Amino acid sequence: QVQLVESGGGLAQPGGSLRLSCAASGFTFSSYAMSWLRQGPGKGVEWLSGIYSDGTDTYYADSVKGRFTISRDNAKNTLHLQMNDLKPEDTALYYCALRRGTVVRAPQEYDYWGQGTQVTVSS
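Please read all numbers here as calculations on a predicted model, not as lab measurements. (Residues numbered from 1 in each chain as written. Predicted model: local features only at pLDDT ≥ 70, side-chain atom pairs only at ≥ 80, totals over all residues. Heavy atoms only, no water.)

Draft legend 1. Focus on the overall build of the protein. When helices and strands are counted, the protein shows 0 helices and 11 strands. Listing every helix and strand of the protein by position from the N terminus yields β-β-β-β-β-β-β-β-β-β-β. A compact globule built from 123 residues should have a C-alpha radius of gyration of about 14 Å, and the protein, at 13 Å, falls within 12% of that. Along the three orthogonal principal directions, the C-alpha set of the protein runs to about 40 × 25 × 25 Å. The buried share of the protein, reckoned over its 123 residues, is 42%. Relative to all contacts within the protein whose residues are 6 or more apart in sequence, the contacts with residues 24 or more apart total 56%. When the accessible surface of the protein is summed, it comes to about 6,200 Å², and 45% of that surface belongs to carbon and sulfur atoms. The positive charge centre, built from 11 side chains, and the negative charge centre, built from 11, are 1 Å apart in the protein. (Helix = DSSP H or I, 4+ residues; strand = E, 2+ residues; numbered from the N terminus. Rg over C-alpha atoms; globule rule 2.2 N^0.38 Å. Buried < 20%, exposed > 50% of the residue type's maximum accessible area, 1.4 Å probe, protein only. Contact = heavy atoms within 4.5 Å. Areas by Shrake-Rupley, 256 points an atom, 1.4 Å probe, with all protein chains shown as cover. Lys, Arg positive; Asp, Glu negative; His and termini not counted. Charge placed at Lys NZ, Arg CZ, Asp CG, Glu CD.)

This is how it looks when you write it as structure tokens:
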């Protein structure tokens, strides 16, 4: 019954910004840490960012630290990823995901995934 639906992807110029959203349902959203992961063309899945259940702690991969910001609105069961200073290497399918435990970097440890939203960064 867990459902995760990403939105907000699209085309951006290098140096531009996009904001992704993930609508969650089918579970007690406020009780779980959440993460964003992505898969670029010809690449494996990369963990990007995680956020504690109440939003008090956030975590980032080195590749996006200082450029991306994860946040959540527990009243609306929504997860967000603000992406600034986008680079061509950010082109990927972006997923939100849930793991029943602490935030980890290994994609295979995540139990539920959304369908993904495509981000393309190109001039």
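Next comes the rest of the description.
Draft legend 2. Structural view of unusual backbone geometry. Despite not being glycine, N77 has its phi angle at roughly 50 degrees, a positive value. Checked against the element boundaries, N77 lands in the loop between β7 (68–73) and β8 (78–83). Residue N77 is classed as partly exposed on the basis of its relative accessible area, which comes to 28%. Unlike most non-glycine residues, D85 shows phi in positive territory, near 50 degrees.

Draft legend 3. Highlighting the pairing of strand β1 (residues 3–7). A one-sided burial pattern is seen for β1, the buried positions being L4 and E6 and the unburied ones Q3, V5 and S7. The pairing of β1 with strand β3 (residues 18–25) spans 5 bridges and is antiparallel. Residue pairing in the sheet places V5 in a bridge with A23 of β3. (Pairing = 2+ DSSP bridges.)

Draft legend 4. Representation of the packing of aromatic side chains. In the structure shown here, the tally under the stated rule is 4 aromatic pairs. Here F27 and Y32 contribute two aromatic rings whose centre-to-centre distance is 5.7 Å and whose plane-to-plane angle is 75 degrees, an arrangement assigned as edge-to-face. Overall, F27 belongs to the buried group, its relative accessible area being 16%. Seen from their ring centres, Y95 and W113 are 5.6 Å apart, and the 85 degrees between their planes marks the pair as edge-to-face. Here Y95, found in strand β9 (residues 92–98), pairs with W113, found in strand β10 (residues 112–113); they are 18 residues apart in sequence, far enough to count as distant. (Phe/Tyr/Trp six-rings, centres within 6.5 Å; stacked < 30°, edge-to-face > 60°.)

Draft legend 5. Expanded view of the sheet that holds β8. The strand order across the open sheet formed by 4 strands is β1-β3-β8-β7, and the pairing between neighbours is antiparallel. Of all strands in the sheet, those with a lone pairing partner are β1 and β7, marking the two edges. Neighbouring strand axes in the sheet, compared pairwise and without regard to direction, differ in orientation by 15 degrees on average. Two strands pair when backbone bridges link them, and β7 and β8 are joined in this way by 6 bridges, in the antiparallel orientation. Residue pairing in the sheet places D73 in a bridge with T78 of β8. (Axes fitted to C-alpha atoms, helices over the stretch in contact; angles between N-to-C directions.)

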